[in-house]
Structures are given as C-alpha cells and as structure tokens.
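Each chain is listed here by its residues.
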Amino acid sequence: MSETGHKAGFVVLLGRPNAGKSTLLNALLKSKLSIVSPKPQTTRHRILGILDGDGFQACLVDTPGLIENPKDPLQNCLRRQAMGAAHEDPDVMVLVAEPTLPSAPLLAELSALNRAGKPLLLALNKADLPGDHEAALRAYADAVKPAASFQVSALKGQGVDGLLRKIVELLPPSPAFYEPGQLTDRYERFFAAELVREAVFDLYSEEVPHATAVVIERFRELPGAPDQIDAVLYVERETQKAIIIGKGGKALRRLQDQARQAIVDFLARPAELELWVKVRKNWRKDLRSLKEFGYLT
Ligand SMILES: Nc1nc2c(ncn2[C@@H]2O[C@H](COP(=O)(O)OP(=O)(O)OP(=O)(O)O)[C@@H](O)[C@H]2O)c(=O)[nH]1
Ligand SMILES: [Mg+2]
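Residues numbered from 1 in each chain as written. Chains lettered and ligands numbered in written order. Predicted model: local features only at pLDDT ≥ 70, side-chain atom pairs only at ≥ 80, totals over all residues.

Moving on to the pairing of strand E7 (residues 213-220). Two strands pair when backbone bridges link them, and E7 and strand E8 (residues 227-235) are joined in this way by seven bridges, in the antiparallel orientation. Looking at the pairing, Phe 219 lines up with Ile 229 of E8. From the end of E7 to the start of E8, which pair antiparallel, there are six residues, and Gly 224 there has a positive phi angle of about 75 degrees. (Pairing = 2+ DSSP bridges. Helix = DSSP H or I, 4+ residues; strand = E, 2+ residues; numbered from the N terminus.)

Right, here's the structure in full:
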C-alpha cells in the first residue's frame, strides 16, 4: 500500500476488432467516451478513460482491435497502437473476447501477451448473446492462462462490477496519476472528431466509414453562444465523396445533424457543426496523411 493506502495503475483493454472493448470502457466508466459501432476497426487510437473510486484510480486504455493480418499502412498503425499499449508495461491487461471459438493463430498471438509477467484478465463479452460461452471461455482460458476469467455483457452492464473489483484488487499501491474528476487526457476537439466518425460508421456502409478520416479545422468557444465547430471529412475517392454528400446534399445534412447532436450530448452545451468533404487519394496508404491525421505517432 502507498502511505495513504491508495492504489492506481494502467489497465489496457485488448482484443480483436468488434469484441466490445470500447463498449466495455464506457461501461466501466459509466460514461460514453469511446465511440462504438457494429462494424470492426472503429477505434483508431488509444483512448484513456480515468476511473476514480474509493481509494483507487484505474487508468483504463481502450485500444484499436488487434488485426491479425494488416492489409494497408493504416491497419499497420492500428496494430502498432494496440501492441504498443500491451508492451508499455501496463499494470493489468484485460483481454476482451467474443463468445465464439477462436482460431489457433489468434490464440498463439494472445497467449504471447501473457508473457509480460503482468496479470491478464479474460473478459468474455456479449454474455447476453446465444452461443456456447463455456466452450469459448475454456478455449481462451487454456491458451492465455488468465489470472481470472469473467463472463460479461458490456452492453447490458452484466458482470462489469465483478471485473472492476478484480481490476482494482490487482492495481499496485500508488498515488493517483491524474487530478480527481479528470475523465481523459485528450481535448474536446479529439472527441468531436471521433463523434463525427461514429456517425459516419452509423450512417454509411461498405468501405466509406473505413475510408473516412475526420479533422477538426476550427473549434471556437464563444461566451454566451454555441461552440462553432468546423470539420473536414477526408475520403479516398470522388465516388466516396459523392456517397457522403448524397443527392442534393441530403445525406451530408443528416450526418451533420446526427454528429452535432452527439457532440452536444458529449459537451453538455450547445454547439454548431459544419462539415466539408475532401478527397485525399488513398490516404490510408500515405504515411504523411497518416501522420497528419494522428494515426502514425
Ligand atoms: N449483444 C452485445 N453486443 C455488444 C456487447 N458489447 C459490445 N457489443 C456490440 O459489439 C459491437 C462492437 O462494439 P465495440 O465496443 O465498438 O467493439 P470494439 O472491440 O471496440 O471494436 P473496434 O474498435 O473495432 O476494435 C457494437 O455493435 C456493440 O454494441 C455485449 O455485451 N453484447
Ligand atoms: Mg473500439
């Protein structure tokens, strides 16, 4: 124990795309911080969510899904972000998995994560869905040898408190790393960009969400007036730009309305949002663009 008996540490949530890591982060925080979608490869950054509790501070890190075979430089960046978080000496790792039988190469990769000597917890998610949860739990547990396993539903909040109790038990004695009450280490403009991306994932299909990056060009806070936010959506091709804008600009207006509402809910204050769409040819393969958009660090 630290002198005050306080505990604190870093807890990395890892797993395949779509396993429910971001949903679990939000459930642990009881606050919507990380964007979520039914499509894989939604999260593109590490996202810190700071959870203060009675005598502890858990610094929870959501990560991009671990892609088995990256197909372009963006996917390489996502993989590197996630593996980097695993290798930066977290105090606890939480492997978030879906209740389906994992492939052998995936198990081999995941079991390697447990050689860092730090406790690894298994959170078999989506307990509310039908399936052979026991078989999936056994397959993962045999391969990765977690310190403890939990069946949870991040979506319904089931089992999340038990997982949190174990996380807190494993945190080392330490003073807090962040000021009490601080939820994250990123600026509001980062989350505004993420919420625009979340609306793109919700409203468009096929390649469009994955081919879209969002850059906030202006974020002005004005006393007594709504915030003014201007964002540019970068897509890879003219055809994608046409899809985003839609006939007579109808699709773009819908996107703007949905994203603005999400931003207002997040900021808890009025905001105006204006969107522009630009083509940056094949940006997912272009290292300069990946750097500019914050994916290559
Ligand atoms: N039924 C059910 N669905 C869930 C649960 N947790 C997450 N989901 C859904 O699974 C989908 C993926 O959730 P995310 O939280 O975005 O998954 P992720 O692991 O962060 O995905 P990436 O960011 O792409 O790696 C979304 O549609 C969630 O609503 C759960 O406990 N039960
Ligand atoms: Mg995610």
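As a packed pair, helix H6 (residues 188-203) and helix H8 (residues 250-267) sit with axes 9 Å apart at the nearest point and diverge in direction by 140 degrees. Taken as axis vectors, H6 and H8 run oblique relative to one another. Considering the relative orientation of H6 and H8, their crossing is right-handed. For the pair formed by H6 and H8, the contact residues are Glu 188, Phe 191, Ala 192, Leu 195, Val 196, Glu 198, Ala 199, Val 200 and Leu 203 on the first element and Arg 254, Leu 255, Gln 258, Ala 259, Ala 262, Ile 263, Phe 266 and Leu 267 on the second. Residues belonging to the contact of H6 with H8 are distributed by class as follows: 13 nonpolar, one polar and three charged. (Axes fitted to C-alpha atoms, helices over the stretch in contact; angles between N-to-C directions. Parallel < 35°, antiparallel > 145°, perpendicular 65-115°, else oblique. Left-handed = near helix turned anticlockwise from the far one by under 90°. Contact = placed C-beta atoms within 7 Å. Nonpolar A, V, L, I, M, F, W, Y, C, P; charged D, E, K, R; others polar.)

Let's shift gears to helix H1 (residues 21-29). Buried residues dominate H1, accounting for eight of its nine residues. All of the buried residues along H1 are Lys 21, Ser 22, Thr 23, Leu 24, Leu 25, Asn 26, Ala 27 and Leu 28. As for H1, its buried residues are in contact with strand E1 (7-14), strand E2 (47-53), strand E3 (56-62), strand E4 (92-97), strand E5 (120-124) and helix H5 (160-170). Just past H1, the residue Lys 30 takes up positive phi, approximately 55 degrees. (Buried ≥ 20, exposed ≤ 12 C-beta atoms within 10 Å, placed from the backbone.)

Neighbouring ligand 1 are 24 residues, the closest being Gly 20, Ser 22, Thr 43, Gly 65 and Leu 155. Residue composition of the shell around ligand 1, by class: nine nonpolar, twelve polar and three charged. (Near = placed C-beta within 6 Å.)

Domain boundaries in the protein chain define domain 1 (7-170) and domain 2 (188-292). A separation of 27 Å is found between the C-alpha centroids of domain 1 and domain 2. In this assembly, nine residues from domain 1 lie in contact with twelve residues from domain 2. Tallied by class, residues from the side of domain 1 that touches domain 2 come to four nonpolar, three polar and two charged. (Domains from an automatic or database assignment.)

Moving on, we come to H6. Structurally, the α-helix is built with 3.6 residues per turn, so residues lying three or four positions apart point the same way. Taking 1.5 Å per residue as the helical rise, H6 with its 16 residues ought to reach 22 Å, and the 23 Å between its terminal C-alpha atoms agrees with that figure. Inspection of H6 places Phe 191, Ala 192, Ala 193, Glu 194, Leu 195, Val 196, Arg 197, Glu 198, Ala 199 and Val 200 among the buried residues, and these make up the whole buried set. Along its buried surface, H6 packs onto E7, E8 and H8. (Expected span 1.5 Å × (residues − 1).)

Our next topic: the sheet that holds E3. Strand order in the open sheet formed by six strands is E2-E3-E1-E4-E5-E6, and the pairing between neighbours is mixed. Two strands in the sheet have a free side with no partner beyond their single neighbour: E2 and strand E6 (148-151). Each strand axis lies, on average, 20 degrees off the axis of its neighbour in the sheet, ignoring direction. Across seven bridges, the pairing between E2 and E3 is antiparallel. Bridge pairing in E3 places Gly 49 opposite Leu 60.

With that out of the way, let us pick up the sheet that holds E7. Strand order in the open sheet formed by three strands is E7-E8-E9, and the pairing between neighbours is mixed. Every interior strand has two partners, whereas the edge strands, E7 and strand E9 (271-279), have only one. The sheet shows a mean angle of 20 degrees between the axes of neighbouring strands, taken without regard to direction. Lying on the sheet, H6 is in contact with E7 and E8; it crosses E7 at an angle near 135 degrees. Across the sheet, helix H7 (residues 238-245) is in contact with E8 and E9; its angle to E9 comes to roughly 155 degrees.

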